[in-house]
Amino acid sequence: MEELTRRRLISRRDSLLLAALLCVAAGMLLVFSLLPRASTAVIEYDGNIVAEQELSALAGPKEVTVEGDGGIEVTVRLSPQGAQVIRSGCRDQVCVRTGLITRAGESVLCLPAKVSVRLTGGSGGDAQTY
């Protein structure tokens, strides 16, 4: 009977594994928090820039509607926090379900309409893309 009460809930190996997982999670949180915030939203149709907006210059949300391929209308909401497609005439609605994008390098695509929204800027990098 006394032997059962002395038994541990988790073993030493389990506690080491848990500590390692917590360290990995903390590291990922640190890396993602250091990613640059977006400063500019670029809306394109068929590879051509339709609108470009500095997000920090916005006082509140702004909506931009773009008529894409086949007459499909795509409405993008821009705010100081980021950008998101809020309405689209496409059938699958993947672009709408993508939600709010907030980091430089993120993008939303509406393939049927050939409309894309991408975020650029943030802290300057040490490389240049040609």
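Fair warning: this is a prediction, and the values are worked out from it, not measured in the lab.

About the thresholds
- Residues numbered from 1 in each chain as written.
- Predicted model: local features only at pLDDT ≥ 70, side-chain atom pairs only at ≥ 80, totals over all residues.
- Heavy atoms only, no water.
- Helix = DSSP H or I, 4+ residues; strand = E, 2+ residues; numbered from the N terminus.
- Buried < 20%, exposed > 50% of the residue type's maximum accessible area, 1.4 Å probe, protein only.
- Contact = heavy atoms within 4.5 Å.
- Areas by Shrake-Rupley, 256 points an atom, 1.4 Å probe, with all protein chains shown as cover.
- Disulfide = S-S within 2.5 Å.
- pLDDT = per-residue confidence, 0-100.
- Pairing = 2+ DSSP bridges.
- Axes fitted to C-alpha atoms, helices over the stretch in contact; angles between N-to-C directions.

J.: Quick question: what am I supposed to make of the overall build of the protein here?
T.: Helix and strand counts for the protein stand at 3 helices and 7 strands. Shown N-terminal to C-terminal, the secondary structure of the protein runs as helices and strands in the order α-α-β-β-β-β-β-α-β-β. Counting every position in the protein, which comprises 130 residues, the buried fraction comes to 27%. For the protein, contacts bridging at least 24 residues in sequence account for 35% of all contacts bridging at least 6. Just so you have it, the protein exposes about 9,300 Å², and 55% of that area is on carbon and sulfur atoms.

J.: Would you mind going over the state of the cysteines with me for this structure?
T.: Counted under the stated rule, the structure contains 0 disulfides. With no disulfide partner, Cys95 has as its closest neighbouring cysteine sulfur the one in Cys110, 3.8 Å distant. In this structure Cys110 is a free cysteine whose sulfur lies 3.7 Å from that of Cys90, the closest cysteine sulfur available.

J.: Quick question: what am I supposed to make of the confidence of the model for the protein here?
T.: Any segment with low pLDDT has predicted coordinates that should not be analysed in fine detail. Of all residues in the protein, 83% attain a pLDDT of 70 or more, and the chain-wide mean is 86. Per-element confidence in the protein is highest for helix α3 (residues 94-97), whose mean pLDDT is 96, and lowest for helix α1 (residues 2-5), whose mean pLDDT is 54. Contacts from residues 124-128, a stretch scored under 50 in pLDDT, to residues over four places away or in other chains number 0 contacts.

J.: I tried to follow the sheet that holds strand β2 (residues 48-54) on my own but got confused; where do I start?
T.: Two orientations exist for strands paired in a sheet by backbone hydrogen bonds: parallel and antiparallel. Strand order in the open sheet formed by 4 strands is β2-β1-β7-β6, with antiparallel pairing between adjacent strands. Edge strands, defined here as strands with exactly one partner in the open sheet, are β2 and β6 (107-110). Averaged over all pairs of adjacent strands, the angle between their axes in this sheet comes to 15 degrees, without regard to strand direction. Bridging between β6 and strand β7 (residues 115-120) involves 4 bridges; their strand directions are antiparallel. Of the residues in β7, the one forming a bridge with Val108 is Val117.

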